[in-house]
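# Results of the structural survey
Each chain is listed here by its residues.
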Amino acid sequence: MTQLSWGRRYLMCPPEHFGVLYEINPWMHKEVAVDRDRALSQWESLVAALRAAGADVELQEPHPDVPDLVFTANAGIVNDRQFVPSRFKHPERQGETPFDIEWFEAHGYEVDELPLGVSHEGAGDALPFGSVLVSGYRFRSDAASHAYLSKITGAAVRSVELVDERLYHLDLTFCPLDERRAIIAPMGWDAYGRKVMEALVAEPLVLDDDEALAFCANSVVVGTNIVMPSCPRRVGRQLEAWGFSVATCDVSEFLKAGGGCRCLTLALDVSLG
Ligand code: ARG
């Protein structure tokens, strides 16, 4: 088994200003209050779990008025020292982008932007697997963004249409584990997308609908360690049989906004070469 070449360095943002202040996915309900202290302790436990798994965590400063900034996966696409900021679909999140660009510029990245009017929500909708970048489209990212992404980064992009609005980002349906294996939730893909992924992933761990809706695919892989928002016994047994160690991290406050462990992280050590 060849471990993933990325996933040992992450950008995260403390949930100081996190909350459900608007509704842009079916999980978000403004009337459900977020317990901010609980969110903070869950987030700190996630940082601790990632560090224990062997990852380095870098921090982005939180800002008021952009409660979803905690979901750093959506900041953009990282490719070596290149950063392609997201173009958010919903105006509610568009205010995050200047802060994301600021962080990456301050850390020496070259910032290359997608054209105006084309939406793409970063690593939430694009994950490297083997020699390609798998990217989802429909709810948040436009299909048209994929060709631009490919042109800007040089990556070969494999497009997958998302069909279930509860699984509105690719990272709720797909979690690369190593060069051959991935956790997948085909319920989130159209028939052609299932074919594409079937051809791409030699050894899939296929989630059933309940497992997918519990965000099992929204996990963070650090070498052979996996940090998951939840892990049914069946899934854990398969992962362990493959040589992975599983830790679960309660991120229930963030699930209120439709995000899990992976959404709270952005891998910084990705090279799409
Ligand atoms: N409330 C956020 C949104 O709807 C959650 C983002 C989840 N991020 C992810 N990578 N799946 O945009």
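Before any of the text, the structure's been laid out above.
Notes on the structure in this doc start here.

Conventions and cut-offs
Each residue is numbered by its place in its chain's sequence as written, counting from 1. Residues qualify for local features only when their pLDDT is at least 70, as the model is predicted, and side-chain atom pairs are given and counted only at 80 or more; totals for whole chains, interfaces and linings, by contrast, use all residues. Water and hydrogen atoms were dropped before computing side-chain values, which therefore reflect all heavy atoms in the structure. Only Phe, Tyr and Trp rings take part, Trp by its six-membered ring, and two of them pair if their centres are within 6.5 Å. Stacked means planes under 30 degrees apart, edge-to-face means over 60, and tilted covers everything else. Each residue's exposure class comes from its accessible area (1.4 Å probe, protein chains only) as a fraction of the maximum for that residue type: buried when under 20%, exposed when over 50%, partly exposed otherwise. Nearness of a residue to a molecule or strand requires only that one of the residue's heavy atoms be within 4 Å of it. Polar contact is the term for a pair of N or O atoms within 3.5 Å; when the atoms are in protein, one must be able to donate a hydrogen and the other to accept it, and sequence-neighboring residues count only if both atoms are side-chain atoms. In short, Shrake-Rupley with a 1.4 Å probe defines the accessible areas, and a residue's cover is counted only from the protein chains shown. Note on pairing: DSSP must find at least two bridges between two strands before they are called paired. Helix and strand assignments come from DSSP, with helices taken as H or I runs of at least 4 residues and strands as E runs of at least 2, each series counted from the N terminus.

Here the focus is the packing of aromatic side chains. Applying the stated criterion across every chain, the model contains nine aromatic pairs. Note on Phe-104 and Tyr-109: the rings are 4.9 Å apart at their centroids and 80° apart in plane angle, and the pair reads as edge-to-face. For Phe-104, a relative accessible area of 0% corresponds to the buried category. Under the relative-accessibility criterion, Tyr-109 is labelled buried at 7%.

Near the ligand lie 16 residues; those nearest to it are Asn-25, Arg-93, Arg-140, Asp-171 and Ala-257. Here a nitrogen atom of the ligand sits 2.9 Å away from a polar atom, N or O, in the side chain of Asp-68. The contact in question runs from a nitrogen atom of the ligand to an N or O atom on the side chain of Asn-74, over 2.9 Å. Across the complex, the protein chains shield 100% of the 350 Å² of accessible surface that the ligand would expose by itself.

Looking now at the sheet that holds strand 15 (residues 266-267). With respect to topology, three strands assemble into an open sheet ordered 2-1-15, the strand pairing being mixed. Every interior strand has two partners, whereas the edge strands, strand 2 (56-59) and strand 15, have only one.

The alternating pattern of strand 6 (residues 126-129) places Ala-126 and Pro-128 on one face and Leu-127 and Phe-129 on the opposite face, and all of these are buried. When strand 6 meets strand 7 (residues 132-137), the two strands line up antiparallel, connected through four bridges. Residue pairing for strand 7: Pro-128 is matched across the bridge by Leu-133. The turn joining strand 6 and strand 7, which pair antiparallel and follow one another in sequence, is formed by two residues; a positive phi near 55° is taken by Gly-130.

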